[in-house]
Amino acid sequence: MRRVTFEGRWLPYLLLFPQLLILIWFFFWPAAQALYQAFTLASPFGGYSEWVWFENFSDMLSQPEYHKAIWVTLVFSAFTTALSLGLGLLFALFADRVLRATDAYRILLIWPYAVAPAIAGALWTFTLDPHSGVVAFAMKQVFDWGWNPELSSFDAMALVVFAAAWKQVAYNFVFFLAGLQSIPRSVIESAAMDGAGPLRRIRDIILPLLSPTTFFLIVLNVVYAFFDTFGIIHVTTEGGPGDATTILVYKVFRDGFIGLDLSASAAQSIILMVVVIALTVFQFRFLERRVHYSG
């Protein structure tokens, strides 16, 4: 392998400087400020702060509201991840079999990923609006379901899960489709000649060979559900009704920017980061054992 060399000693650092500056300004400096504020008791309007060590963390972990937010986040992330992965795999299986208009079919499935989370939340809010939404009206007429996410905790959770999963399906679809196309056709054709039906081929051949892709997507989808769904929650339900859809990342915003409790908000952000790191380590530690990497 040819090694890249630079004429000047400082040229590599100059090339890295713009990216490092962006990382320091928009990531490391805010993270350092949040870490500092998590151990202080600060005035909402600035000008006063007192070092309180772990008092913010102990107060936060003793609140029933925070315990409920953890439970809501786990439920929301589990259903969002399962639904988005399931639909992404289903669409990839169909797209892998399409013979005509393949490119157009794939483009239509990829489009939702280009939609911003807030826009995705607004689209589902209008579609499932209990007063004027088309889908809500159809559910009322066909199933006699009085859909109302403004009053029902179940309906509100279903709304945010559908919106978040719809936004992420396209991302999962792309990776699953790439994984399906990397599977040798001869393996699947041999199984079909041996009498294996479509469902058995999916269970015994396709899913094991897709396990590296599935594991990778599980990790990314969990992180997406924990962090990148703030815009969806804010547009659709604003954490309501009550705290039924208040996930951890939205609670950080609400306590910090609405309640002006900057210290508690910073402590929550640190706890959220630790929780996501722990979940990621757990997935790599235990789920990766079931992953089969083809050599």
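If you're wondering where the values come from, they're calculated on a predicted model, not measured in any experiment. (Residues numbered from 1 in each chain as written. Predicted model: local features only at pLDDT ≥ 70, side-chain atom pairs only at ≥ 80, totals over all residues. Heavy atoms only, no water.)

Engineer: Where do I start with the overall build of the protein in this structure?
Structural biologist: Scanning the protein for helices and strands turns up 13 helices and two strands. Each principal axis of the C-alpha distribution contributes one length, and for the protein these read about 75 × 70 × 35 Å. With 295 residues in all, the protein has 37% of them scored as buried. Of the contacts made within the protein by residues no fewer than 6 positions apart, 66% connect residues no fewer than 24 positions apart. Accessible surface, the protein as shown: approximately 18,300 Å² in total, 69% of it carbon and sulfur. If the 18 positive side-chain charges of the protein are averaged to one point and the 20 negative ones to another, these points end up 15 Å apart. (Helix = DSSP H or I, 4+ residues; strand = E, 2+ residues; numbered from the N terminus. Buried < 20%, exposed > 50% of the residue type's maximum accessible area, 1.4 Å probe, protein only. Contact = heavy atoms within 4.5 Å. Areas by Shrake-Rupley, 256 points an atom, 1.4 Å probe, with all protein chains shown as cover. Lys, Arg positive; Asp, Glu negative; His and termini not counted. Charge placed at Lys NZ, Arg CZ, Asp CG, Glu CD.)

Engineer: Would you mind showing me how to read helix H12 (residues 248–258) here?
Structural biologist: Within H12, eight of the eleven residues are buried, leaving the element largely enclosed by the surrounding structure. All of the buried residues along H12 are Leu248, Val249, Tyr250, Lys251, Val252, Phe253, Asp255 and Gly256. Those residues of H12 that are buried lie in contact with helix H2 (55–61), helix H3 (64–97), helix H10 (211–227), helix H11 (230–236) and helix H13 (262–286). Immediately beyond the C-terminal end of H12, within one or two residues, lies Leu260, with a positive phi of roughly 60°.

Engineer: Is there a simple way to think about the environment of Val274 in this case?
Structural biologist: By the secondary structure assignment, Val274 is in helix H13. Classification of Val274 as partly exposed rests on a relative accessible area of 48%. Val274 sits 252 residues away from Ile22 along the chain, and the two C-alpha atoms are 24 Å apart.

Engineer: What is the right way to look at unusual backbone geometry in this model?
Structural biologist: Most peptide bonds take the trans configuration, and most residues that are not glycine carry a negative phi. A cis amide bond, omega -5°, links Gly240 with the succeeding residue Pro241. By the secondary structure assignment, Pro241 is in the loop between H11 and H12. Phi is positive for Glu238, close to 55°, though the residue is something other than glycine. Along the chain, Glu238 falls in the loop between H11 and H12.

Engineer: I tried to follow the side chain of Asn221 on my own but got confused; where do I start?
Structural biologist: Relative to the helices and strands, Asn221 is located in helix H10. Within the structure, Asn221 has its side chain in polar contact with the side chain of Ser84 (distance 3.0 Å). Not counting chain neighbours up to four residues away, the residues in contact with Asn221 comprise Thr81, Ser84, Leu85, Gln168 and Asn172. (Polar contact = N/O pair within 3.5 Å; in protein donor to acceptor, adjacent residues only side chain to side chain.)

Engineer: Is there a simple way to explain the pattern of salt bridges in this structure?
Structural biologist: Any two side chains of opposite charge can pair, given that their charged atoms come close. Applying the stated criterion across every chain, the model contains five salt bridges. A salt bridge links Asp144 to Lys140, with the nearest nitrogen and oxygen atoms 3.5 Å apart. (Salt bridge = Lys/Arg side-chain N within 4 Å of Asp/Glu carboxyl O.)

Engineer: Help me understand the confidence of the model for the protein, please; the structure alone is not making it clear to me.
Structural biologist: With 92% of its residues at a pLDDT of 70 or more, the protein has an overall mean of 85. Here helix H4 (residues 102–110) stands out as the element of the protein with the lowest mean pLDDT, 74, in contrast to H11, whose mean of 93 is the highest. (pLDDT = per-residue confidence, 0-100.)

Engineer: Where do I start with helix H9 (residues 198–209) in this structure?
Structural biologist: Each α-helix winds once per 3.6 residues, and so residues spaced three or four apart point in a common direction. Here H9 contains twelve residues, and its C-alpha end-to-end distance of 15 Å stays within 8% of the 16 Å for a straight helix at 1.5 Å per residue. Elements that come into contact with the buried residues of H9 comprise H3, helix H7 (153–181) and helix H8 (185–193). (Expected span 1.5 Å × (residues − 1).)

Engineer: How do you make sense of the packing of H8 against H9 when you look at a structure like this?
Structural biologist: Any two packed helices are characterised by how steeply their axes cross, that is the angle between the axes, and by the distance between the axes. Running from amino to carboxyl end, H8 crosses H9 at an angle of 145°, the nearest separation of the two axes being 11 Å. Crossing of H8 against H9: the hand is right-handed. Within the contact between the two elements, H8 uses Val187, Ile188, Ala191 and Ala192 and H9 uses Arg201, Ile205 and Ile206. When its residues are assigned to classes, the contact of H8 with H9 shows six nonpolar, no polar and one charged. (Axes fitted to C-alpha atoms, helices over the stretch in contact; angles between N-to-C directions. Left-handed = near helix turned anticlockwise from the far one by under 90°. Nonpolar A, V, L, I, M, F, W, Y, C, P; charged D, E, K, R; others polar.)

Engineer: Explanation requested: the packing of H12 against H13 in the structure shown.
Structural biologist: As a packed pair, H12 and H13 sit with axes 8 Å apart at the nearest point and diverge in direction by 165°. Compared by their axis directions, H12 and H13 come out roughly antiparallel. Judged by the sense of rotation from one axis to the other, the crossing of H12 with H13 is left-handed. Note on element contacts: H13 touches H12 through Leu262, Ser265, Gln268, Ser269 and Leu272, opposite Leu248, Val249, Lys251, Val252, Asp255 and Gly256. The residue makeup of the contact of H12 with H13, split by class, is five nonpolar, four polar and two charged. (Parallel < 35°, antiparallel > 145°, perpendicular 65-115°, else oblique.)

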